[in-house]
Amino acid sequence: MKKIALDLSNNTDLPVYYLDESKHDFIDLIRMLDEKNNGNHYFLCLDRLGNFYRYLLEVFKKSSKAIFISCEKSSVLSRKLPQHFYQYISRQVDISEIEYSDVPKILEKIKQHGPWLRLSKMTEKQRTEEIFNKSKKQLLIGLLEATSGFGFHEIIKNDYSLITDDSERYLIILSGIATLQNTVASEVTLSRALEFLNCCNDIDKLCSKLVGIVNLNDKNEINTRHSLYIENLFDRHIDLDSIEKSIIAYISAFTVYPFPIVIHVNSSEAMVYKYLVNAKYLTKLLKEKNRVLSIYKKFEKKLEQEGLFLMQYGLALRMYNEHNKAHQMLEQAVIAYPNSAHIEHALAVQLFILCTKTNKLTASHYLDKAVGILNKLKTLPNDKFFGEQVDMYPIITLSEGHVSILDYLDRPEEAKIFAYQYFKNIEKIERKDGSNRLTETKEKLMKYYLNGTKFDFTYR
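Residues numbered from 1 in each chain as written. Predicted model: local features only at pLDDT ≥ 70, side-chain atom pairs only at ≥ 80, totals over all residues. Heavy atoms only, no water.

Asker: For this particular structure, what's the right way to read the nonpolar core?
Answerer: Considering soluble globular proteins, one finds that nonpolar side chains tend to be buried as a cluster. Counting 104 residues, the largest nonpolar core has Leu-171, Ile-247, Tyr-250, Tyr-273 and Phe-309 as its most contacted members. The leading source of residues in this core is helix 20 (residues 341-355), at 11 residues. By size, the runner-up hydrophobic cluster in this structure holds 19 residues, among which are Leu-19, Leu-46, Tyr-53 and Leu-56. (Core = buried A, V, L, I, M, F, W, Y, C linked by side-chain atoms within 4.5 Å. Buried < 20%, exposed > 50% of the residue type's maximum accessible area, 1.4 Å probe, protein only. Helix = DSSP H or I, 4+ residues; strand = E, 2+ residues; numbered from the N terminus.)

Asker: Would you take a moment to explain unusual backbone geometry for this structure?
Answerer: Leaving glycine aside, a negative phi is the common case for residues, and trans is the common case for peptide bonds. Cis geometry marks the peptide bond from Phe-259 to Pro-260; its omega dihedral reads -10 degrees. Structurally, the position occupied by Pro-260 is in the loop between helix 14 (240-254) and helix 15 (267-277). Located in the positive-phi region is Asn-38, a residue other than glycine, with phi close to 50 degrees. With respect to the helices and strands, the residue Asn-38 is situated in the loop between helix 2 (26-36) and strand 2 (42-46). Given the relative accessible area of 65%, Asn-38 is considered exposed.

Asker: Got a minute to help me understand a positive patch on the surface in this structure?
Answerer: A contiguous patch of positive charge on the surface is contributed by Lys-80, Lys-280, Lys-284 and Lys-287. Structurally, the position occupied by Lys-80 is in helix 4 (residues 74-80). (Patch = residues over 30% accessible without salt bridge, like charges linked within 9 Å, V, L, I, M, F, W, Y side chains within 5 Å. Areas by Shrake-Rupley, 256 points an atom, 1.4 Å probe, with all protein chains shown as cover. Salt bridge = Lys/Arg side-chain N within 4 Å of Asp/Glu carboxyl O. Lys, Arg positive; Asp, Glu negative; His and termini not counted. Charge placed at Lys NZ, Arg CZ, Asp CG, Glu CD.)

Asker: Before we go on, may I ask you to explain a nonpolar patch on the surface in this structure?
Answerer: A cluster of nonpolar side chains, namely Tyr-420, Met-446, Tyr-449 and Leu-450, defines an oily patch on the protein surface of about 400 Å² accessible area. With respect to the helices and strands, Tyr-449 occurs in helix 24 (residues 436-451).

Asker: Please clarify how the packing of aromatic side chains should be interpreted in this entry.
Answerer: Taken as a whole, this structure holds 18 aromatic pairs when the rule is applied. Both rings, one in Phe-254 and one in Tyr-273, keep their centres 5.4 Å apart while their planes meet at 55 degrees; by these two values the pair is tilted. In this pair, Phe-254 sits in helix 14 while Tyr-273 sits in helix 15, placing the two residues 19 residues apart along the sequence. Tyr-273 shares its class with Phe-254; the two are buried. Aromatic pair Tyr-420 and Tyr-449: ring centres 5.1 Å apart, planes at 35 degrees, arrangement tilted. With Tyr-420 in helix 23 (residues 412-433) and Tyr-449 in helix 24, the pair connects residues that are 29 residues apart, well separated along the chain. (Phe/Tyr/Trp six-rings, centres within 6.5 Å; stacked < 30°, edge-to-face > 60°.)

Asker: For this particular structure, what's the right way to read the sheet that holds strand 5 (residues 214-216)?
Answerer: Whenever strands of a sheet pair, they do so through backbone hydrogen bonds, lying parallel or antiparallel. One open sheet holds the three strands; their spatial order is 4-6-5, and the pairing between them is antiparallel. The open sheet has two edge strands with one neighbour each: strand 4 (185-186) and strand 5. Note that strand 5 and strand 6 (residues 221-224) share three bridges and pair antiparallel. Residue pairing in the sheet places Val-214 in a bridge with Thr-224 of strand 6. (Pairing = 2+ DSSP bridges.)

Below is the structure:
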């Protein structure tokens, strides 16, 4: 993407901008660029479309002269992007694999600029095998393997094993956490975190010993070598104890701010904090239930007024089927941060879950409360405190939860009436903004209304 941006700036008269990190205030950034360019066209190159597509959907609904160019991994495109996003893509190019015809050009560049000694002792056929076949057509991995003779994983393992100083290792882990969220880390925050770990917190000195792995720029921001490199480190080479200690230290470094924390830090820091307390991401990093819940338990008192933290604590408890505790935590989150669509949505989902785990009288009470909450949530807007929309519209949660729980409570006639009403509501929404998820819900409601086909309330 950097090369594309550079080529554009050299070959077009239009202004060209490049953004390699997610921005909490992306919509405001576009507005500022529109004003700066007086309503004329300009290019904005974005690294990692998966981090921006929700904001872009908002931009596309309004008037902007920006021409967006972005890239993303194939797996993210297929899993994350909603179908209706593709209507806005005017041109799509797949460069996920190198082609056989690319190999001679790649070898020529390695001979001119890279380590050629090992490859020079091979036949042309062997060199091609190294670049094309052993790499499984992945360029970065192919270059690493061909020039070093080591496997991609072995290269990273050896790099990391040579670092024996705890302070340096923890700096890699801490800055790597920011990289996993495709953003940069703050020198000040990492300095506090390292101090909490009883490590050397002279970031400049540490970075000078980790050249090529960790970099401190002139904005006092820290970035790492490459997201693929960091992902491999976390998945294969860094022990869970070190990751857990680093997360505790990093969260501790954020507790010096007033609540809600995300509005008292810059956009990059806000993204890191949200990542650190996110139930899904913590589970991915720490893997074990006890480790994940112990993080939340440790900060339960210190962050008792922090709505985002309490909501994620509740979602973590839900994830591990501790539903009554999850309900209590989400109720606290609503008190700590009232009028948050995201927290109220999470609470309503939890109430639906509890309906099937209690007596019918209590279940009816939970059902009425959940329906009341969701009826208030006409949409879930981009909440500046949480930074992105949730994946399910309130109408999906409301219709599936309401109908399935009424049926569970042996009130099928009532359930069919609501199924028909919700079906008609969704039809209206689909005319403006359809999605596969809405269509799936509509089909469930139709089948239930016509022939009583049951379905369970599903949640994420």
